[in-house]
Amino acid sequence: RGVIGGGHGSNNIPLNTMEYITMANTGNTTDFGDLTVARKDLTAFSSSVRGVFAGGHNGSNTLNPVDYITIASTGNASDFGDLSTNADQSAGASNDHGGLQ
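Definitions and limits used
- Residues numbered from 1 in each chain as written.
- Predicted model: local features only at pLDDT ≥ 70, side-chain atom pairs only at ≥ 80, totals over all residues.
- Heavy atoms only, no water.
- Pairing = 2+ DSSP bridges.
- Helix = DSSP H or I, 4+ residues; strand = E, 2+ residues; numbered from the N terminus.
- Axes fitted to C-alpha atoms, helices over the stretch in contact; angles between N-to-C directions.
- Salt bridge = Lys/Arg side-chain N within 4 Å of Asp/Glu carboxyl O.
- Buried < 20%, exposed > 50% of the residue type's maximum accessible area, 1.4 Å probe, protein only.
- Phe/Tyr/Trp six-rings, centres within 6.5 Å; stacked < 30°, edge-to-face > 60°.

Asker: Can you walk me through the sheet that holds strand 1 (residues 2-5) in this structure?
Answerer: Whenever strands of a sheet pair, they do so through backbone hydrogen bonds, lying parallel or antiparallel. Ordered by their spatial adjacency, three strands build an open sheet running 1-2-3, and the pairing between neighbours is antiparallel. Sheet topology places strand 1 and strand 3 (30-34) at the edges, where each strand pairs with a single neighbour. Neighbouring strand axes in the sheet, compared pairwise and without regard to direction, differ in orientation by 30° on average. Note: strand 2 (residues 17-21) against strand 3, four bridges, orientation antiparallel. Residue pairing for strand 3: E19 is matched across the bridge by D31.

Given below as structure tokens:
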């Protein structure tokens, strides 16, 4: 599963929506749930179990929330905590390599 969250819609208004795709199939995205805060230019990273969305901005303010989701199930994001400083347009990374040797 791939999960897409945040961004901006018409008139550059930040979104709080999340959608997902099933990578084994082709087709359109499906509603996953909502982020805790509408924002764009946020960072995302994951393990094989949990996805995390962090930072971003709402058009006028840079933000610091960190949300998490369980990738295998759908639903709204939960509050994970806050970044130590507000940040947007950051990079994400993961330590989950799926069995590489």
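Asker: It is not clear to me how the pattern of salt bridges should be interpreted in this structure. Could you clarify?
Answerer: For side chains of opposite charge, pairing can occur when their charged atoms come near one another. According to the stated counting rule, one finds one salt bridge in the structure shown. Close ionic contact of R39 with D67 constitutes a salt bridge, the shortest N to O distance being 3.4 Å. Of this pair, R39 sits in the loop between strand 3 and strand 4 (43-46) while D67 sits in strand 6 (residues 65-70), and the two are 28 residues apart along the sequence. According to the relative accessible area criterion, R39 is buried, its value standing at 0%. Residue classification places D67 among the buried positions, given a relative accessible area of 0%.

Asker: I keep staring at the packing of aromatic side chains and nothing clicks. Help me out?
Answerer: Applying the stated rule across the entire model yields two aromatic pairs. Both rings, one in Y20 and one in F32, keep their centres 6.0 Å apart while their planes meet at 80°; by these two values the pair is edge-to-face. Remark: F32 occurs in strand 3 and Y20 occurs in strand 2; sequence separation between them is twelve residues. According to the relative accessible area criterion, Y20 is buried, its value standing at 14%.

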